[in-house]
Amino acid sequence: MAYRIFMSHSGDDAEWVKWLANHAANIGIEPYLYQHDQQAGRYISDKVQAAIINSSAVVVLLTVNSQYSAYVQQEIGFAEGKSKLIIPLVQPGIDVRVLAMLTGREYISFDFHRPQAALATFLNYLRDLKNKEEANQQMALFSFATLLIVALASNSK
C-alpha cells in the first residue's frame, strides 16, 4: 500500500504545493491534490473527504494566502475528526491565532525565501513515516501468515 498524503492549501500557493508534491513523489510518497483528480458531477467536498480518509497524513501549507481559508480550516477539522496525522508547513510571520486547532502542534517552518531547508526536513519526516508504516504492514502480514499456518496445521491434525 502506498503512503498517501492529502495536501491542503490555498490555490494561490499552487506552485509551491506542486513543488512539494513532486519532491514527495520522488521518494515514493503519493501526494493528493484535489484539482488533479477531476470527477465531473461529484461534489468537491465528497471527493476531498474521501481523499483525506484514504490518506495516511494531511499536509497543510499554512501561508498568508491560506491562513483565513475556510476550506483549509475545514480540511484540518475533518482530518482531526478522522484522527489523521496533520503535518503543518507554516510560513514565518503567520498570526498564531489562525493556527486554531493546530495550536501547540509541532510544525515545519516554510520560508519562501529559503525553501530547501523546509523541504529537506519535510522529506526526511515523510520518509520516516513511510518506512514505519511499511514496517507495520510487513509485521501485520507476517502475523497473519503465521496465524494462517498455525490454523492450517491445526486443521490438518
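Residues numbered from 1 in each chain as written. Predicted model: local features only at pLDDT ≥ 70, side-chain atom pairs only at ≥ 80, totals over all residues. Heavy atoms only, no water.

Q: Can you help me understand the overall build of the chain in this one?
A: Within the chain one finds 4 helices and 5 strands. By principal-axis analysis of the C-alpha atoms, the chain measures approximately 70 × 40 × 30 Å. Pairs at least 24 apart in sequence give 71% of the contacts found in the chain among residues at least 6 apart. Accessible surface computed for the chain: about 9,400 Å², of which carbon and sulfur atoms make up 56%. Computed over 13 positive and 14 negative side-chain charges, the inter-centroid distance for the chain is 7 Å. (Helix = DSSP H or I, 4+ residues; strand = E, 2+ residues; numbered from the N terminus. Contact = heavy atoms within 4.5 Å. Areas by Shrake-Rupley, 256 points an atom, 1.4 Å probe, with all protein chains shown as cover. Lys, Arg positive; Asp, Glu negative; His and termini not counted. Charge placed at Lys NZ, Arg CZ, Asp CG, Glu CD.)

Q: Where do I start with the layout of surface pockets in this structure?
A: Any empty space left between the atoms is revealed when a probe the size of a water molecule rolls over them. Of the volumes computed, that of the largest pocket is approximately 340 Å³. In terms of lining residues, the largest pocket is bounded by 18 residues, among which Tyr34, Ile44, Val48, Tyr71 and Glu75 are the most central. The set of elements that each furnish at least two residues to the lining of the largest pocket consists of strand E1 (3-8), helix H2 (44-53) and helix H3 (70-81). Classifying every residue of the lining of the largest pocket gives 9 nonpolar, 8 polar and 1 charged. (1 Å grid on protein atoms, 1.4 Å probe; cavity = no way out; pocket = protein on both sides within 12 Å on 5 of 7 lines; lining within 4 Å. Points joined across faces, edges and corners; volume = space filled by probe spheres on them. Nonpolar A, V, L, I, M, F, W, Y, C, P; charged D, E, K, R; others polar.)

Q: Just to check I follow, could you spell out the packing of H2 against H3 for this structure?
A: Helix-helix packing is characterised by the crossing angle of the two axes and by the distance between the axes. Between H2 and H3, the shortest axis-to-axis distance is 10 Å and the interhelical angle comes to 45°. By the criterion of interaxial angle, the relationship of H2 to H3 is oblique. Along this stretch, H2 crosses H3, giving a crossing that reads as right-handed. Together, Val48, Gln49, Ile52 and Ile53 of H2 and Glu75, Phe78 and Ala79 of H3 make up the contact between the two elements. A per-class count over the contact of H2 with H3 returns 5 nonpolar, 1 polar and 1 charged. (Axes fitted to C-alpha atoms, helices over the stretch in contact; angles between N-to-C directions. Parallel < 35°, antiparallel > 145°, perpendicular 65-115°, else oblique. Left-handed = near helix turned anticlockwise from the far one by under 90°.)

Q: What is the right way to read H2 from this model?
A: Considered for burial, the residues of H2 that qualify are Lys47, Val48, Ala51 and Ile52. Looking down the long axis of H2, one finds its buried residues gathered within 135° of arc, a one-sided arrangement. Lining the buried residues of H2 we find E1, strand E2 (29-32), strand E3 (57-62) and H3. (Buried < 20%, exposed > 50% of the residue type's maximum accessible area, 1.4 Å probe, protein only. Arc of directions from axis to C-beta.)

Q: What is the right way to look at the nonpolar core in this model?
A: Burial of nonpolar side chains together is a common tendency in soluble globular proteins. If you look at the biggest cluster of nonpolar residues, it comprises 23 residues, and the most contacted ones within it are Ile5, Met7, Leu89, Phe122 and Leu126. Elements represented by at least two residues in this core include exactly E1, helix H1 (14-26), E3, strand E4 (85-90) and helix H4 (115-156). Counting residues per element, this core draws most heavily on H4, which supplies 6 residues. Not counting chain neighbours up to four residues away, the residues in contact with phenylalanine 122 comprise Ile5, Leu20, Val59, Leu89 and Ile108. Ranked by size, the runner-up nonpolar core spans 17 residues in total, among them Phe6, Ala51, Leu62 and Ala79. (Core = buried A, V, L, I, M, F, W, Y, C linked by side-chain atoms within 4.5 Å.)

Q: How should the environment of alanine 140 be read in this particular structure?
A: Inspection of the secondary structure puts alanine 140 in helix H4. Assessed through its relative accessible area of 46%, alanine 140 is described here as partly exposed. Sequence separation between alanine 140 and serine 69 is 71 residues, and the spatial gap between their C-alpha atoms is 39 Å.

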